[in-house]
Amino acid sequence: MFSKFTSILQHAVEALAPSLPLQEDFVYHWKAITHYYIETSDDKAPVTDTNIPSHLEQMLDILVQEENERESGETGPCMEYLLHHKILETLYTLGKADCPPGMKQQVLAFYTKLLGRIRQPLLPHINVHRPVQKLIRLCGEVLATPTENEEIQFLCIVCAKLKQDPYLVNFFLESKLKAMASKGSASVITEDMIKGQDSLTADTGQPIQPEETPSAAGAEQMEKEDDLLQQADDLSFSLDELNVTSSPESSPVCPNQDYNLVNSLLNLTKSPDGRIAVKACEGLMLLVSLPEPAAAKCLTQSTCLCELLTDRLATLYKALPQSLDPLDIETVEAINWGLDSYSHKEDASAFPGKRALISFLSWFDYCDQLIKEAQKTAAVAMAKAVRERFFIDVMEPQLMQTSEIGILTSTALLHRIVRQVTSDVLLQETVYFILGEHREPETLTDINRHPLRHRLIEHCDHISDEISIMTLRMFEHLLQKPNEHILYNLVLRNLEERNYMEYKPLCQEDKDVVENGQFAGAVDLEEDPLFTDLSPDNTLSTQEWLSASPPVSPEHPKNDGKTEVHKIVNSFLCLVPDEAKSSYHVEGTGYDTYLRDAHRQFRDYCVICLRWEWPGSPRSLEKCNLEASFFEGHFLKVLFERMGRILDQPYDVNLQVTSVLSKLSLFPHPHIHEYLLDPYVNLASGCRSLFSVIVRVVGDLMVRIQRIPDFTPKLLLVRKRLLGLEPEGPIIDHLTLLEGVIVLEEFCKELAAIAFVKYHASSTP
C-alpha cells in the first residue's frame, strides 16, 4: 500500500517539475530503478507493487523520442548511455534472478519493445546482442510459466530482426566453449557490475559531455553525480544482503547446443498454450529461411529441430485409430498448420479419430512448409530426417503389415500425404521412400529390390478391392507430382532401349512409308478379323478430325515417320465391336468430351514435364540395345494384368485402372507415346503393349457376347442406370461383364482422344 502511494506521489511530482534534458531524464529513471535495490528490505514484494515498470516505460519513451528528434542513423546520448553503461546486461541479470518477483517479465517486455520500436540497428552492438543472447537462454526453460507470453514475443522480435538482416544470425551462433564458460559463470549481481552502470563516465574514460547549463546548474550536476556514485556503493551492499541469485539453468535440449534461439523456440513449441506453440513455429519458420550457410548447418547438426519434427510426426501418427474410413481421411478439410483448432461439439461431420487426424495432418503440413521455406542444405537435412525417422521407421511397418484393415488405413494416409506434400525436397524424399532410388531397367528377378515399392505395386492387384483402389489412387496422384524420378522409376527406365520393338534393317525400297502409313513389317490392323467392322460409317474423316482439333498445345518437335493419326484414332475407336457399343444411344457421351478433357490434361502435363528436357522423338534404333530381353516393369505388368481382367472386375476397380493408364498415356515422352498409344508398333516376340492387351480383351468379349441373350438392350440399360437416367430395378444377369464393356468402350475413346491431342501438339509448328 505504501509503495502505491509513493508511486502516485512520484508521478505528481514529475508532472509539476520542469522538464529536464532527455539524457538527465533518462539517467534519473535508471537511477530510480537502482535506488530500489538500495533501499528495499523486502525482496518478496512483486515488481508490480514498485515503480520499476513505470521507470522502464519512461526510459523506452525517452529513447524513442530521442531517435525521432535526430537524423536517421544517428545515435543520441541516451542510447549511448544505455550501450556504454551496459544497462541491458544489468537488466538481464535482474531478470534472471527475477528480483523482485515478476522482474523477468518486465525485462523481457523492455527488450522486446526496445528492439521493436527503435529503428536503428541495435543487434550489431556487442552490448546489445550479448545480453540478448543471454536472455534467449532463459526462454523456454520451463513450460506454462507466467512469462511464456513475454518470452515468445521477445524471441519472435529477435527472429524478425534476423530476417531483416540475415548476417546478424552469426552473432547468435555461440561456440561450445563460450557457452560452457557462460554456464559456469556466477549469476550474482556484483558490486563492479552495478558500479559500471552508475558512473556517467563511458568505458573509454572520457566523460559524456552534458548539455550547456549555467554554472550553478553545473555545480548541482556534480553533486548529483557524487550522490549517484554513493548510491551505487550502497546498492552493491544491499544486493549482497538480499543474496540475489538465480535458479540454475535447465539442462540444454541437445548435448552440443550452440544455437540457443532455435532451442528456446523448440521448447516453446511444446507449450500447452496453442497460441504460444504456433508463435514458436512461426519463429522457427523465419530462422530456417535465413540464407546463412553456417546457421543452416548449426540448425540441423547442433539443435534438435529434426528430431522434434519427426518425433512429433511419429507420436501423432501413432495416436491415430487403427482403423479409419479412407473416405474420412481423403475428405477431411484442408489442413493449415497454424489453424488446426477443432471443436468436436461444433462439428456436424465428426467421426472417431478426427481430432487426432487433423493434428497429424496439421503437423505434417507444418513440416512441409518449413522444408519448403528452408535454406537448401537445411531443407535437405530435414527432409532426410522425415524419411528416415518417420517414413521408414514408423510408416513402412504399417504399410508392410498383413492386416487388411491396417493396410487400408495406412495406404489411405500415405495417399493423403502424397496429395498434401508441396515442398520439392520433401517430395523427393517421399518418392525415394515409396519407389526407391533405382534407375536401371527392371528384370523379373529383381522386382523385389525395394520391398515397399514391390508391396505397394502388388497391392494394386490385392484380393481386397478397397485396398487395390486406394493403392491405385495413391499411384495416380503420385504420377501427377512434379518429380521426374516417379515416371522414370515406374515406367521409362524399361522403355529406354525400345527393345519392345522388333527391328529388321530395311532395304532401300522398304525405307519409304507405304501408302497406308505403315512401316514395312507392321501388321495391318484393318485386315485383322477383329477389325472387320471398319467402314466409312464407323470412322471419322481426316477433315472431321481437324475440325475437332483442340487449341494449340505447348510446342513439341514432330516425330518423323509417325503413323497417320486418323488411322491410330480409328484403331482405338473401332476396337470395341458395334454390338458391344452403347454410348451412341445416350446423348452427351460422345467422343468430343474426351477431346476437351485430353487437351486440358495434356497441357497441364506438358507444363510439369517442361523442365525435364525430354527428347522430342524416339531414340534411334541403331543406338538401342534391342538384343536385351524386354520387361515392361512391375508397375505396367500389374496394370496390364488388371486391364486383361476388365470384363470380370468390379466397376470401381476398372475405373481406377483405366484412370491410371490414361494418366500414363498423357505424358509427352516419345517412348511412352509409342508403347502405349501406337497400335502399329511392331512388337518383338513375347512382348505386349496396351493396345495388344485390349485386343485380347475384345477377342474374349466377342466370344462371350454370343452366350448372353439380349446383350445389347441389357448393355444400354446398365449404361443408363450408371448415368442415373434409369431408376434401379431388378438385378441384371452378367452385370460385372456389362459394366466392364462400358468401361472398355469409354477407355478406348479416351485413348483415341489422347492420341489425337498429342499428335496435334507435336505436329503444330
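Since the structure is predicted, the reported quantities are computational estimates derived from the model, not experimental observations. (Residues numbered from 1 in each chain as written. Predicted model: local features only at pLDDT ≥ 70, side-chain atom pairs only at ≥ 80, totals over all residues. Heavy atoms only, no water.)

**Some remarks on the overall build of the protein chain**
This is how it is decided: Here a helix means four or more residues in a row that DSSP labels H or I, a strand means two or more in a row labelled E, and each is numbered from the N terminus. Working definition: with a 1.4 Å probe on protein chains only, accessible area under 20% of the residue-type maximum means buried, over 50% means exposed, and in between means partly exposed. Pairs of residues are marked as contacts when any of their non-hydrogen atoms sit within 4.5 Å.
For the protein chain, the helix and strand inventory stands at 32 helices and zero strands. Evaluated residue by residue, the protein chain yields a buried proportion of 52% over its 765 residues. By sequence separation, contacts in the protein chain at least 24 residues apart represent 81% of the contacts at least 6 residues apart.

**As for the nonpolar core**
Our working rule: Think of a nonpolar core as a cluster: buried Ala, Val, Leu, Ile, Met, Phe, Trp, Tyr and Cys residues, connected wherever their side-chain atoms sit within 4.5 Å.
By size, the foremost hydrophobic cluster in this structure holds 220 residues, and its most contacted members are Leu-91, Phe-154 and Phe-390. No other element matches helix H32 (residues 735–763), which puts 16 residues into this core. Setting aside residues no more than four positions away along its own chain, Phe-154 makes contact with Leu-108, Tyr-111, Thr-112, Leu-115, Val-132, Leu-135, Ile-136 and Cys-139.

**Regarding the pattern of salt bridges**
Rules: Only one rule defines a salt bridge in this text: a Lys or Arg side-chain nitrogen within 4 Å of an Asp or Glu carboxyl oxygen.
Inspection of the entire model under this criterion finds 34 salt bridges. Salt-bridge contacts for Asp-578 lead to Lys-581; the nearest nitrogen and oxygen are separated by 3.9 Å. Here Asp-578 falls in the partly exposed class, since its relative accessible area comes to 30%. Among the residues examined, Lys-581 registers a relative accessible area of 12% and is labelled buried. Here the residues in one salt-bridge network are Glu-57, Asp-61, Lys-113 and Arg-117, joined through shared partners.

**Some points on empty space enclosed by the protein**
To find leftover empty space, one rolls a probe the size of a water molecule over the atoms. Our working rule: Grid points spaced at 1 Å and placed over the protein atoms alone form the basis of the search, with a cavity being a set where a 1.4 Å probe fits but cannot get out and a pocket an open set showing protein on both sides within 12 Å along at least five of seven lines. Lining residues have an atom within 4 Å of a point. Grid points are joined across faces, edges and corners, and a volume is the space filled by probe spheres set on the points. Amino acids outside the nonpolar list (Ala, Val, Leu, Ile, Met, Phe, Trp, Tyr, Cys, Pro) and the charged list (Asp, Glu, Lys, Arg) are all regarded as polar, and Gly is one of them.
For the structure shown, the criterion picks out two cavities of 30 Å³ or more. Leu-435, His-438, Glu-440, Pro-441, Glu-442, Asp-446, Ile-447, Arg-449, His-450, Arg-453 and Arg-493 are the residues that line the largest cavity. Broken down by class, the residue content of the lining of the largest cavity amounts to three nonpolar, two polar and six charged.

**Section: a negative patch on the surface**
We apply this condition: What makes a patch is a set of residues exposed beyond 30% relative accessible area and free of salt bridges, joined within 9 Å when like-charged and within 5 Å when nonpolar (Val, Leu, Ile, Met, Phe, Trp, Tyr). For every accessible area listed, the method is Shrake-Rupley and the probe measures 1.4 Å; residues are considered covered only by the protein chains on display. Positive: Lys, Arg. Negative: Asp, Glu. His and the chain ends are not part of the count. In plain terms, the charge of a residue is placed at NZ if it is Lys, CZ if Arg, CG if Asp and CD if Glu.
Together, Asp-325, Asp-465, Glu-466 and Asp-652 line one region of the surface with negative charge. Topologically, Glu-466 is positioned in helix H22 (residues 465–479).

**Quick notes on the packing of aromatic side chains**
In plain terms, the rule: Pairing of aromatic side chains here covers Phe, Tyr and the six-membered ring of Trp, requires ring centres within 6.5 Å, and sorts the geometry by plane angle: under 30 degrees stacked, over 60 edge-to-face, intermediate tilted. Both a distance and an angle decide whether a charge sits over a ring: NZ of Lys or CZ of Arg must be within 6 Å of the ring centre and within 35 degrees of the ring normal.
In the structure shown here, the tally under the stated rule is 18 aromatic pairs. Summarising the aromatic geometry, the rings of Phe-572 and Phe-691 are spaced 5.3 Å apart at their centres and angled 85° between planes, so their arrangement reads as edge-to-face. One end of the pair, Phe-572, is in helix H25 (residues 565–573); the other, Phe-691, is in helix H30 (residues 690–705), with 119 residues separating them in the sequence. Accessibility expressed as a relative area gives 0% for Phe-572, which makes it buried. These aromatic residues form a ring-pair network of at least three members: Tyr-317, Phe-360, Phe-390, Phe-391 and Phe-433. Cation over ring: Arg-312 sits above Trp-363, and NZ or CZ is 4.4 Å from the ring centre.

**Regarding the confidence of the model for the protein chain**
Condition: Values of pLDDT, the confidence the predictor places in each residue, fall between 0 and 100.
Mean pLDDT over the protein chain: 82, with 77% of residues reaching 70 or higher. In this model, residues 183–257 is a region of pLDDT below 50 whose contacts with residues beyond four sequence positions or in other chains number 98 contacts. Scored below 50 in pLDDT, residues 510–561 shows 85 contacts in the model against residues more than four places distant or in partner chains.

**What to know about the packing of helix H3 (residues 52–69) against helix H6 (residues 103–117)**
Rules: Helix axes are fitted only over the stretch in contact, all axes being lines through C-alpha atoms; the angle between N-to-C directions runs from 0 to 180 degrees. The labels follow the angle: roughly parallel below 35 degrees, roughly antiparallel above 145, roughly perpendicular from 65 to 115, and oblique for the rest.
Contact geometry for H3 and H6: axes closest at 11 Å, N-to-C directions at 10°. Classified by the interaxial angle, the pair formed by H3 and H6 is roughly parallel. Here H3 contributes Ile-52, Pro-53, Leu-56, Glu-57, Met-59, Leu-60, Asp-61, Leu-63, Val-64 and Glu-67 to the contact with H6, which in turn contributes Met-103, Gln-106, Phe-110, Lys-113, Leu-114 and Arg-117. A per-class count over the contact of H3 with H6 returns ten nonpolar, one polar and five charged.

**Things to note about helix H19 (residues 404–420)**
Put simply, the rule reads: The length a helix should cover is 1.5 Å for every residue beyond the first.
Spanning 17 residues, H19 covers 24 Å between terminal C-alpha atoms, matching the ideal 24 Å at 1.5 Å per step. The buried fraction of H19 is high, at 14 of 17 residues.

**Observations regarding unusual backbone geometry**
Residues Cys-99 and Pro-100 are joined by a peptide bond in cis, for which omega reads -5°. Here Pro-100 lies in the loop between helix H5 (87–97) and H6. Its identity as a non-glycine residue notwithstanding, Asp-98 has a phi of 50°, on the positive side. Here Asp-98 is to be found in the loop between H5 and H6. On the basis of relative accessibility, which here comes to 32%, the residue Asp-98 falls in the partly exposed class.

**A few points about the packing of helix H20 (residues 424–435) against helix H21 (residues 451–459)**
With their axes 6 Å apart at the nearest point, H20 and H21 run at an angle of 75° to one another. Here H20 lies roughly perpendicular to H21, going by the angle between them. Between H20, through Phe-433, Ile-434 and Leu-435, and H21, the contact on the second element is made entirely by Leu-452, Arg-453 and Leu-456. Of the residues assigned to the contact of H20 with H21, the class counts are five nonpolar, no polar and one charged.

**Concerning the side chain of Gln-420**
We apply this condition: Two N or O atoms count as a polar contact when they lie within 3.5 Å, although within protein this holds only if one can serve as hydrogen donor and the other as acceptor, and sequence-adjacent residues are included solely when both atoms are side-chain atoms.
Within the fold, Gln-420 resides in helix H19. Residue class for Gln-420 comes out buried when judged on its relative accessible area of 12%. From its side chain, Gln-420 meets the backbone oxygen of Leu-361 in a polar contact 3.0 Å long. Those residues in contact with Gln-420, other than ones at most four positions away along the chain, are Leu-361, Phe-364, Asp-365 and Asp-368.

**Some words on the environment of Leu-737**
You can see Leu-737 is positioned in helix H32. Spatially, the C-alpha atom of Leu-737 lies 10.0 Å from that of Arg-645, the residues being 92 residues apart in sequence. Ignoring anything within four residues of it in the chain, the contact list for Leu-737 reads Leu-647, Leu-701, Arg-704 and Ile-708.

**What about the environment of Ala-280?**
If you trace the backbone, Ala-280 turns up in helix H13 (residues 274–288). Once the C-alpha coordinates of Ala-280 and Glu-151 are considered, the two residues, 129 residues apart in sequence, prove to be 9.9 Å apart. In this view, Ala-280 contacts Ile-152, Leu-265, Leu-268 and Thr-269; residues no more than four positions away in its chain are not counted.

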